Amino acid sequence: MIDKKAAEALKKVPLSNNTVSRRINDMSVNIIGQVVDKIKLAGQFALQLDEMTDVSGEAQLLSFVRYKDASDINEHILFCKTLPGKTTGEELFQVIDSFFREHDLQWKTCSHICTDGAAAMTVRVKGLFGHLEDDKWVARLAYLADVLTKLNELNLSLQGKESHILKLYDKVQGFTKNLKLWERKYDEVDVSCFPLLNAHLATTAVARGPVVKLVQAHLSKLCTDFNHYFQDIENKSERLDWVRNPFIVSESSNSLPAMLQEPLMELSSDRGLKMAYAEKSLTEFWCDVEKEYPELGKHALIELLPFGSTYLCKVTFSALTHIKTKQRNRLDVETSLVTAVSTLPPELSKLMKDKQAQLSH
């Protein structure tokens, strides 16, 4: 990657056994320092938390932070801490609280916390091939494959960086409406929305009635579970229509205090900001609005601050498994992980200024 002359010059650079490790640590500390400064300047922030067990069997708590920066809402890794063997909720709080106290962060400025609340699903495959001759059983399997495909599609649509809570509301609300549609169609014995099940029923002599009854019961239960987990989501979504599009007059703004309704009316007639709305992301747009209508912009950005999922933590766990391997199972992974996944560059000039040149003797 470099020529012989550069390689010879590199050989003359004095490095002790742990120089690289110390430099990575310095960059990590610098990056987190930048993030903490931005959090404090923003005033409010949201946390994303998730946990995994690494290759050495240690539990790792990973946290990302979401905050309003100069011109947009940004997301960044905050820490990765090793947890005790058996971690209680109190101990988990202490780990986070210790980081907060170390960096002088206040819990009252943490407006939202996003965690993975889904229970692990175990699929038993023992005896699978013994059932393949049972057409009714295969019909159930076909339905499960169809509905899990739709759930996976929903899950994928909620993933990605910079995905705000309004997107979550829209996608989940749309899926819940589809659940009700599928349930109604099953009353008409119409299973065309589920291609694998539809194809199986069309090519076998299995009775449709019992299968349809079973599917209806499952869809009804799934709909109930969604409504329980995402309570009152339609009203929550409608209440934020003014954030989604402030240029369309809606009843959602009626719940706002008069001191915010007034600048919202002015904003709805601002043609310059309307052009910016078409060209920028929603979070970028409201950062622009905050400059002209501070209170209205601030209120909208608070609504856009929460994470919609634990996607960033999940993705970063993949990086962790590459850094902490069987050959490096004693590594304290936090500083390496922060440096590897950071979207903020370390302040190298500042770091270099703070270090004195180490000359060999």
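Scroll up to find the structure this text is about.
Residues numbered from 1 in each chain as written. Predicted model: local features only at pLDDT ≥ 70, side-chain atom pairs only at ≥ 80, totals over all residues. Heavy atoms only, no water.

**Concerning the packing of helix H12 (residues 271–279) against helix H13 (residues 282–292)**
The relative placement of two packed helices comes down to the angle between their axes together with the axis-to-axis distance.
Argument step 1. It is at 8 Å that the axes of H12 and H13 come closest, and there the two elements cross at 160°. Considered as vectors, H12 and H13 are oriented roughly antiparallel to each other. For the pair H12 and H13, the sense of crossing is right-handed. Across from Leu-273, Ala-276 and Tyr-277 in H12, the residues of H13 making contact are Leu-282, Phe-285, Asp-288, Val-289 and Glu-292.
Argument step 2. Among the residues forming the contact of H12 with H13, the class breakdown is six nonpolar, no polar and two charged. (Axes fitted to C-alpha atoms, helices over the stretch in contact; angles between N-to-C directions. Helix = DSSP H or I, 4+ residues; strand = E, 2+ residues; numbered from the N terminus. Parallel < 35°, antiparallel > 145°, perpendicular 65-115°, else oblique. Left-handed = near helix turned anticlockwise from the far one by under 90°. Contact = heavy atoms within 4.5 Å. Nonpolar A, V, L, I, M, F, W, Y, C, P; charged D, E, K, R; others polar.)

**Some points on helix H16 (residues 334–341)**
Argument step 1. Along H16, the residues that are buried comprise Glu-334, Ser-336, Leu-337 and Val-338.
Argument step 2. Of the surrounding secondary structure, the elements contacted by the buried residues of H16 are helix H2 (19–42), strand S2 (59–68), strand S3 (73–83) and helix H15 (311–323). (Buried < 20%, exposed > 50% of the residue type's maximum accessible area, 1.4 Å probe, protein only.)

**Things to note about the nonpolar core**
Argument step 1. Counting residues in hydrophobic clusters, the biggest one holds 87 residues, and the most contacted among them are Tyr-186, Leu-197, Trp-242, Leu-267 and Trp-286.
Argument step 2. Looking at this core, the element that brings in the most residues is helix H6 (residues 165–187), giving nine residues.
Argument step 3. Contacts of Leu-197, omitting those with residues within four sequence positions, involve Ala-139, Ala-142, Tyr-143, Asp-146, Tyr-186, Val-191, Val-211 and Val-215. (Core = buried A, V, L, I, M, F, W, Y, C linked by side-chain atoms within 4.5 Å.)

**Description of the pattern of salt bridges**
Argument step 1. On inspection of all chains with the given rule, the structure shows 15 salt bridges.
Argument step 2. With its nearest N and O atoms 2.9 Å apart, the salt bridge here joins Lys-324 to Asp-54. With Lys-324 in the loop between H15 and H16 and Asp-54 in the loop between strand S1 (45–53) and S2, this residue pair connects regions lying 270 residues apart in the sequence. For the pair Lys-324 and Asp-54, one class covers both residues: buried.
Argument step 3. Where Arg-244 meets Asp-170, a salt bridge forms, and the shortest distance between an N and an O atom there is 3.1 Å. Within this pair, whereas Arg-244 is found in helix H10 (residues 241–244), its partner Asp-170 is found in helix H6, the two being separated by 74 residues in sequence.
Argument step 4. Within this structure, Asp-54, Glu-58 and Lys-324 form a network of salt bridges that share partners. (Salt bridge = Lys/Arg side-chain N within 4 Å of Asp/Glu carboxyl O.)

**Remarks on the sheet that holds S1**
Argument step 1. The strand order S3-S2-S1-S4 describes an open sheet built from four strands, whose pairing is mixed. Lying at the two open borders of the sheet, with one neighbouring strand each, are S3 and strand S4 (110–115). Pairs of neighbouring strands in the sheet enclose a mean axial angle of 20°, with direction left out of account.
Argument step 2. Of the strand pairs in this sheet, S2 and S3 are connected by ten bridges, and their pairing is antiparallel. Opposite Ser-63, over in S3, you have Phe-79 as the bridge partner.
Argument step 3. Running over the sheet, H16 touches S2 and S3 and is turned about 160° from S3. (Pairing = 2+ DSSP bridges.)

**Details of the packing of aromatic side chains**
Two aromatic rings, taken as a pair, are described by how far apart their centres are and by the angle between their planes.
Argument step 1. Applying the stated criterion across every chain, the model contains 14 aromatic pairs.
Argument step 2. An aromatic cluster of three or more residues is present, and its members are Tyr-143, Phe-175, Trp-182, Phe-194, Phe-226, Tyr-229 and Phe-230.
Argument step 3. Of note, Lys-150 hangs over the ring of Phe-194, and the distance from its end group to the ring centre comes to 5.5 Å. (Phe/Tyr/Trp six-rings, centres within 6.5 Å; stacked < 30°, edge-to-face > 60°. Lys NZ or Arg CZ within 6 Å of the ring centre and 35° of its normal.)

**Considerations on unusual backbone geometry**
Trans peptide bonds make up most of the peptide bonds, and negative phi angles are found at most residues other than glycine.
Argument step 1. Its identity is not glycine, yet Asp-104 carries a phi of approximately 60°, on the positive side.
Argument step 2. Even without glycine at this site, Asp-232 takes up a positive phi of about 55°.
Argument step 3. By the secondary structure assignment, Asp-232 is in the loop between helix H8 (208–229) and helix H9 (233–239).
Argument step 4. Accessibility expressed as a relative area gives 48% for Asp-232, which makes it partly exposed.

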